[in-house]
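Summary of the model geometry
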Amino acid sequence: MCGIIGALCDHNVQDELLGALRRMEYRGYDSAGICVLDGGSFQQAKAAGKLSNLQRELASHPLSGRIGIGHTRWATHGEPTIINAHPHISANVALVHNGIIENHHQLRVQLVAQGYCFVSQTDTEVLPHLLEEKIQQRELLDAWREMLSEIEGAYAIAAIIRSLPGSLWFARKGSPLLLGRGAHGVYVASDALALAGLADEVMYIDDHHWGRLTLEGVELYDLSGNPVELEWDPLPVTAHDAEKDGFPHYMLKEIHEQPAVLRRILRQYVKGDGEIVFEQASFLHEKPLPQRIVMIACGTSYHAALTARYWLERYLKIPVEVDIASEYRYRDPVIGQHTLLVALSQSGETADTLEVLRMFKRHTPGNDALALCNVPSSSLAREADGLIELFAGPEIGVASTKAYMAQLAVLALLTLFMARRAGAMPEERVAEHLAALERAATDMEALLADTAAVRQAAALFADVRGALYLGRGPCYPMALEGALKLKEISYLHAEGYAAGEMKHGPIALIDHLIPVVVIAPKQYHLEKVISNLHEVQARGARVILIVDLPEAGIATDAACVLRVPEGDYFSTPLLVCIPLQLLAYEVACMLGTDVDQPRNLAKSVTVE
Ligand code: F6R
């Protein structure tokens with residue numbers, strides 16, 4: 001969602017602010033703005049829409065100053081207009097914010113009564129006025145602390161103060177924020193990628209911490225005003241991470257990275273003798289196996305969990321519950337003892353998933369919580385009892401691809417690990433499954449090298465009304481994921497269904513304008529899926545069949561066949577990812593949408 005950058009440098013900061021905002025574009029936004037402080041006055045530029053609009057504005061009215069803040073806004077309160085774009089300014093304070101100030105209405109009424117004039121519809125605008133009010137009456141540090149104690153909701157804040165051109169101010173509660181320092185300046189940002197090429201070291205700010213950053217150092221406090229220890233780490237990303245490497249889109253680059261990601265995961269977790277080791281989740285090795293597993297996530301990560309439920313229940317013979325984080329947190333779930341929570345998130349900052357983790361730890365402190373996450377510095381990764389890192393590398397395309405495959409891969413390893421510990425799978429079988437996962441990386445490369453059939457399938461989506469995706473067993477959630485991928489980047493309506501459920505309603509949709517993607521690898525109830533295929537074909541549907549058998553093995557007259565190499569029970573879904581992702585990508589390119597930054601979407605959903 002919103003991107004925040006603040007910079008204090010030994011030179012003009014405008015270009016650095018703009019460059020940082022560009023590296024955060026992938027988070028999703030609909031307006032942007034920059035404010036710098038020079039000679040005691042604020043200068044600002046804002047634009048609705050893409051950063052190129054802000055860049056044009058800056059080209060005609062450049063800003064100059066060595067300290068400034070910038071923001072990409074994903075609208076929550078008020079439309080994405082120039083007026084509502086951040087920074088928001090009071091007489092002495094300019095401020096950018098990510099999150100939602102829940103008591104903004106009461107604060108606004110109070111501040112209006114005190115004579116403050118509001119120009120925007122945003123919740124954020126109360127913050128500079130509230131701080132302004134406080135600094136009229138008290139020392140700056142006290143003013144900040146008092147402002148933070150009066151606001152409710154979630155925030156990451158960066159601010160500059162007119163009378164103090166040498167300090168960047170910041171605060172965090174519930175939305176990610178980090179500080180950076182480099183050869184030419186110091187920075188505050190919502191995303192490490194923003195600091196690529198600027199900072200060498202970063203400091204992750206914890207919830208309820210706030211402070212100020214100068215070229216000389218950092219003052220960091222907790223909510224009571226006590227100083228907090230400082231901990232700098234090396235910047236975990238490079239400028240190269242933000243490049244497309246010759247691909248037209250980040251999404252395509254990331255789809256192509258998947259064989260390397262899978263190899264990296266296997267290298268990381270499978271030792272030479274075939275032992276599976278999760279070093280950052282030692283409790284998995286040391287404590288008794290759980291009697292129940294609860295898996296929580298949102299969106300694509302939720303789909304990965306749904307596939308893993310089939311794997312875990314089959315081998316561990318314990319109940320595995322999977323739920324959407326935003327539902328789970330409000331439905332008074334019965335958690336019980338001896339339950340393992342697995343929270344899945346690419347970003348590790350998804351508000352609902354994080355809140356479930358916190359709720360779980362509050363309610364059943366005896367249970368363990370495991371994070372499956374791609375960002376080891378994220379809140380989820382840091383707050384869980386153990387981490388299985390996804391090692392997918394920064395994912396910049398808004399539509400998740402390589403992180404999804406990485407989640408499936410680590411979940412396959414987790415299942416094999418637990419099944420081995422439970423004595424539920426003989427050693428030879430574990431070794432065979434590990435070998436199949438190794439092979440899948442090479443098979444993925446072959447799939448990526450020949451995409452002619454996918455392009456042919458994509459052509460079937462010209463002038464359609466929508467699409468249906470069908471699968472069974474572990475490939476049913478893959479049907480959900482295929483449909484999600486298509487709708488988010490092509491804006492075509494698509495539904496994923498359990499193939500056996502199709503006759504209970506969705507079959508009414510079928511005609512030649514609704515292509516049906518049938519996922520039918522031989523591992524998962526092939527004959528039954530094929531009879532569902534015949535049922536839709538009999539009603540005029542054009543079928544795109546994803547299969548791992550030679551066509552002759554199954555008599556169909558599908559409009560298009562996307563063949564994947566034969567995998568096993570665990571590796572097959574990893575292979576099926578490739579045609580599903582490429583199909584969505586090719587359809588979106590054919591329809592001319594913004595593949596990497598589809599409308600209305602944010603990469604990391606940091607508000608509920
Ligand atoms: C879809 C997509 C989203 C995310 C969801 C959860 O392509 O990317 O559905 O999967 O917002 O995000 P994380 O995994 O970061 O918690």
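Residues numbered from 1 in each chain as written. Predicted model: local features only at pLDDT ≥ 70, side-chain atom pairs only at ≥ 80, totals over all residues. Heavy atoms only, no water.

**So, the domain arrangement of the chain**
The assigned domain composition of the chain is domain 1 (3–240), domain 2 (245–448) and domain 3 (450–602). Here domain 1 and domain 3 have C-alpha centroids that lie 44 Å from each other. Residue-level contacts link 7 residues of domain 1 with 5 residues of domain 3. Counting each side, the surface lost to burial between domain 1 and domain 3 is near 420 Å², with a carbon and sulfur contribution of 39%. Our enumeration of links across domain 1 and domain 3 arrives at 1 salt bridge. Where Lys50 meets Asp594, a salt bridge forms, and the shortest distance between an N and an O atom there is 3.5 Å. Taken together, the links from domain 1 to domain 3 amount to 2 residue pairs in polar contact (both at pLDDT 80 or more). Of the residues belonging to the side of domain 1 that touches domain 3, the class tally is 3 nonpolar, 1 polar and 3 charged. (Domains from an automatic or database assignment. Contact = heavy atoms within 4.5 Å. Buried area = accessible area lost by both parts, 1.4 Å probe. Salt bridge = Lys/Arg side-chain N within 4 Å of Asp/Glu carboxyl O. Polar contact = N/O pair within 3.5 Å; in protein donor to acceptor, adjacent residues only side chain to side chain. Nonpolar A, V, L, I, M, F, W, Y, C, P; charged D, E, K, R; others polar.)

**Observations regarding the packing of aromatic side chains**
Inspection of every chain in the model, using the stated rule, returns 11 aromatic pairs. Taking the centre distance of 5.0 Å and the plane angle of 35 degrees together, the rings of Trp210 and Tyr221 count as tilted. With Trp210 in strand 12 (residues 209–214) and Tyr221 in strand 13 (residues 217–221), this pair connects stretches of sequence that are 11 residues apart. Here the two residues Trp210 and Tyr221 agree in accessibility, since each one is buried. With a centroid separation of 5.2 Å and 50 degrees between ring planes, the pair formed by Tyr269 and Phe278 is classed as tilted. Residue classification places Phe278 among the buried positions, given a relative accessible area of 1%. Taken together, Trp311, Tyr315, Tyr524, Tyr569 and Phe570 form an aromatic cluster joined through their ring pairs. The lysine or arginine in question, Lys244, covers the ring of Tyr250, its NZ or CZ lying 5.4 Å from the ring centre. The lysine or arginine in question, Arg314, covers the ring of Tyr569, its NZ or CZ lying 4.1 Å from the ring centre. (Phe/Tyr/Trp six-rings, centres within 6.5 Å; stacked < 30°, edge-to-face > 60°. Helix = DSSP H or I, 4+ residues; strand = E, 2+ residues; numbered from the N terminus. Buried < 20%, exposed > 50% of the residue type's maximum accessible area, 1.4 Å probe, protein only. Lys NZ or Arg CZ within 6 Å of the ring centre and 35° of its normal.)

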